Amino acid sequence: MSLQFSEKGEEKFQEIMGRYPNTMAALLPVLLLAQSEFGWVSVEVMDYLAERLELHPAKVLSTATFYTMVNKQPMGKCHVQVCTTLSCALRGGYELLDTLEERLGINTGETSSDGNYSLSEVECLASCGTAPMFQVSYSDGEIEYFEDLGETGRLDAVLSELNAKLATLPDPRKMHDERRN
Ligand code: FES
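Parameters at a glance
- Within every chain, residues take consecutive numbers counted from 1 along the sequence as written.
- With the structure being a predicted model, the display of local features is reserved for residues of pLDDT at least 70 and the display and counting of side-chain atom pairs for 80 or more, all residues being used for whole-chain, interface and lining totals.
- Hydrogens and water molecules were not included; the side-chain quantities draw on all heavy atoms of the structure.
- Helix and strand labels come from DSSP, where a helix needs a run of H or I of at least four residues and a strand needs a run of E of at least two; each type is numbered from the N terminus.
- Values of the radius of gyration come from C-alpha atoms, whereas the globule rule sets the reference at 2.2 Å times the count of residues to the power 0.38.
- A simple rule labels every residue: compare its accessible area, found with a 1.4 Å probe on the protein chains alone, to the largest value its type can have, and call it buried under 20%, exposed over 50%, or partly exposed in between.
- Only heavy atoms enter the contact rule, under which two residues are in contact if any of them lie within 4.5 Å.
- Computed by Shrake-Rupley with a 1.4 Å probe, the accessible areas treat only the displayed protein chains as cover when residues are assessed.
- Two residue types count as positive, namely Lys and Arg, and two as negative, namely Asp and Glu; His and chain ends fall outside the count.
- Lys charges are placed at NZ, Arg charges at CZ, Asp charges at CG and Glu charges at CD.
- An automatic or database domain assignment supplies the residue ranges for each domain.
- Here the quantity called buried area is the accessible surface, traced with a 1.4 Å probe, that two parts lose on coming together, added over both.
- A pair is scored as a salt bridge if a Lys or Arg side-chain nitrogen falls within 4 Å of a carboxyl oxygen belonging to Asp or Glu.
- As used in this record, nonpolar core signifies buried Ala, Val, Leu, Ile, Met, Phe, Trp, Tyr and Cys residues forming a set joined through side-chain atoms within 4.5 Å.

Overview of the overall build of the protein chain
So, point 1. Helix and strand counts for the protein chain stand at eight helices and four strands.
So, point 2. Beginning at the N terminus, the succession of helices and strands in the protein chain can be written as α-α-α-α-β-α-α-β-β-β-α-α.
So, point 3. Its C-alpha atoms give the protein chain a radius of gyration of 17 Å, within 12% of the compact-globule value 16 Å for 181 residues.
So, point 4. Counting only C-alpha atoms and orienting by the principal axes, one finds that the protein chain spans roughly 50 × 30 × 25 Å.
So, point 5. Out of the 181 residues belonging to the protein chain, those deemed buried represent 44%.
So, point 6. When contacts within the protein chain are restricted to residue pairs at least 6 apart in sequence, those whose partners lie at least 24 apart make up 65%.
So, point 7. Of the accessible surface of the protein chain, which amounts to about 9600 Å², a share of 51% is contributed by carbon and sulfur atoms.
So, point 8. The positive charge centre, built from 15 side chains, and the negative charge centre, built from 28, are 4 Å apart in the protein chain.

Take a look at the structure:
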């Protein structure tokens, strides 16, 4: 059985194609769409996109491997990305990262065994005025910023919010199989 976009995903695919002058220009947004549809961008997904876009598979592979926001393996339902560039570092970014390792029970660069969380250290996310902060990429394709995390009690509130959201998010490890026809 082969992979296929959902009906809603196919609509979005057509909408993206209408916005760009050629398929190569549309590749990055299509890769991000595929990530939200299939959970992560495997070689099988790259082959599917190469066929849909009529591009050589090597073009898809080189673009997918260039961008770190394109996941080449399943990540957690919540991918927490902590900024440790200067403004965040000066206002507790590394301490935030250490606390998250402790609270999530994983090291930076790892995914929890239940598939709920991944933790990464990233460069400036252009929210320096509200440092320290992190971005969460959800498995449904949405992205959210959480800022001013040095304030007392703020991190606890954010983690409670994320834990409550987990039940509503698809598991990236299972999404390929849900999209086979
Ligand atoms: S330094 Fe962290 S958002 Fe810019």
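Observations concerning the domain arrangement of the protein chain
So, point 1. With domains assigned, the protein chain is organised as domain 1 (7-66) and domain 2 (78-172).
So, point 2. Summarising the inter-unit geometry, the C-alpha centres of domain 1 and domain 2 are found 27 Å apart.
So, point 3. In this complex, domain 1 contributes four residues to the contact, which on the side of domain 2 involves four residues.
So, point 4. Contact between domain 1 and domain 2 buries roughly 220 Å² in total, counting both sides, with carbon and sulfur atoms accounting for 52%.
So, point 5. Per-residue buried area on domain 1 facing domain 2 is highest for Ser36, Gly39 and Trp40; these three make up 92% of the total on that side.
So, point 6. Connecting domain 1 to domain 2 are zero salt bridges.

Some points on the nonpolar core
So, point 1. Ranked by size, the top nonpolar core spans 22 residues in total, and within it Phe5, Leu31, Leu49 and Val60 carry the most contacts.
So, point 2. Listed by contribution, the elements that provide at least two residues to this core are α1 (7-19), α2 (23-38), α3 (43-53) and α4 (57-66).
So, point 3. For this core, the element with the highest residue contribution is α2, accounting for seven residues.
So, point 4. Leucine 49 has contacts with Phe5, Val30, Leu31, Ala34, Glu54 and Val60, leaving out every residue within four places of it along the chain.
So, point 5. In terms of nonpolar packing, the next biggest core, distinct from the first, is built from 21 residues, Leu96, Tyr117, Leu159 and Leu169 among them.

Some points on unusual backbone geometry
So, point 1. For the bond from alanine 131 to proline 132, the omega torsion is -5 degrees, close enough to zero to count as cis.
So, point 2. Within the fold, proline 132 resides in the loop between β2 (117-122) and β3 (134-138).
So, point 3. Phi is positive for glutamate 54, close to 55 degrees, though the residue is something other than glycine.
So, point 4. Within the secondary structure, glutamate 54 sits in the loop between α3 and α4.
So, point 5. In this structure, alanine 126 is a non-glycine residue whose phi angle is positive, near 65 degrees.
So, point 6. Of note, alanine 126 is situated in the loop between β2 and β3.

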